[in-house]
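Chain and residue survey
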Amino acid sequence: MLFQIILASMVAISIVLIMLMIVFWKRRKPKEGKEVDYQSFFVMGISFVGLGLVFTAAINPGFLGITVLGVIYIILGWKNKDKWKKKQ
């Protein structure tokens, strides 16, 4: 009985939070003038690949997802290399 009450209240709170997120998401103003820094994606990808490989070997094969995310970031950064910001 107590478990059902706790479960029902958790579901109700989740639904209310999701509805609030939707309302605030629609009210937000779009930010203009922001450009994506693809060089940061490339650097983060290199970091994620290294971290994912170390964690996969040392702790758990479930960390292979971090490695895959790193590879995706590297590809995303490399494909948009022409949009990298030039250092002055």
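Now for a look at the structure at hand. All values derive from a computational prediction rather than experimental measurement.

For the rest of this paragraph, the subject is the packing of aromatic side chains. Inspection of every chain in the model, using the stated rule, returns six aromatic pairs. Consider the rings of Phe41 and Tyr73, whose centres lie 5.1 Å apart with planes at 70°: the pair is edge-to-face. Separated by 32 residues along the polypeptide, Phe41 in helix H2 (residues 38-58) and Tyr73 in helix H3 (residues 64-79) bring together distant segments of the chain. Put simply, the rings of Tyr38, Phe41, Phe48 and Tyr73 touch in pairs and so form one group of aromatic residues. A cation sits over an aromatic face here: Lys81 above Trp78, 4.8 Å from the ring centre.

All right, on to the side chain of Thr67 then. Secondary-structure assignment places Thr67 in helix H3. Of the residues examined, Thr67 reaches a relative accessible area of 10% and is grouped as buried. For Thr67, the side chain forms a polar contact with the main-chain nitrogen of Leu53, separated by 3.3 Å. Those residues in contact with Thr67 that sit more than four places away from it in its chain are Phe48, Val49, Gly52, Leu53 and Thr56.

Here the focus is H3. Along its 16 residues, H3 runs 23 Å from first to last C-alpha, staying within 8% of the 22 Å computed at 1.5 Å per residue. On its buried face, H3 is in contact with H2.

Here Ile72 lies in helix H3. Under the relative-accessibility criterion, Ile72 is labelled partly exposed at 47%.

Turning next to the packing of H2 against H3. For the pair H2 and H3, the least separation of the axes is 7 Å and the interaxial angle reads 160°. On the basis of their axis angle, the class for H2 and H3 is roughly antiparallel. Note on packing geometry: the crossing formed by H2 with H3 is left-handed. Note on element contacts: H3 touches H2 through Leu64, Ile66, Thr67, Leu69, Gly70, Val71, Tyr73, Ile74, Leu76, Gly77 and Trp78, opposite Tyr38, Phe41, Phe42, Met44, Gly45, Ile46, Phe48, Val49, Gly52, Leu53 and Thr56.

Together, Phe3, Leu7, Val11, Ile15 and Met19 make up an exposed nonpolar region whose accessible area comes to about 520 Å². Along the polypeptide, Val11 turns up in helix H1 (residues 2-27). Here Val11 falls in the partly exposed class, since its relative accessible area comes to 43%.

Basis of the calculations
Residues numbered from 1 in each chain as written. Predicted model: local features only at pLDDT ≥ 70, side-chain atom pairs only at ≥ 80, totals over all residues. Heavy atoms only, no water. Phe/Tyr/Trp six-rings, centres within 6.5 Å; stacked < 30°, edge-to-face > 60°. Helix = DSSP H or I, 4+ residues; strand = E, 2+ residues; numbered from the N terminus. Lys NZ or Arg CZ within 6 Å of the ring centre and 35° of its normal. Buried < 20%, exposed > 50% of the residue type's maximum accessible area, 1.4 Å probe, protein only. Polar contact = N/O pair within 3.5 Å; in protein donor to acceptor, adjacent residues only side chain to side chain. Contact = heavy atoms within 4.5 Å. Expected span 1.5 Å × (residues − 1). Axes fitted to C-alpha atoms, helices over the stretch in contact; angles between N-to-C directions. Parallel < 35°, antiparallel > 145°, perpendicular 65-115°, else oblique. Left-handed = near helix turned anticlockwise from the far one by under 90°. Patch = residues over 30% accessible without salt bridge, like charges linked within 9 Å, V, L, I, M, F, W, Y side chains within 5 Å. Areas by Shrake-Rupley, 256 points an atom, 1.4 Å probe, with all protein chains shown as cover. Salt bridge = Lys/Arg side-chain N within 4 Å of Asp/Glu carboxyl O.

Geometric descriptors of this kind do not, in isolation, establish any biological role.
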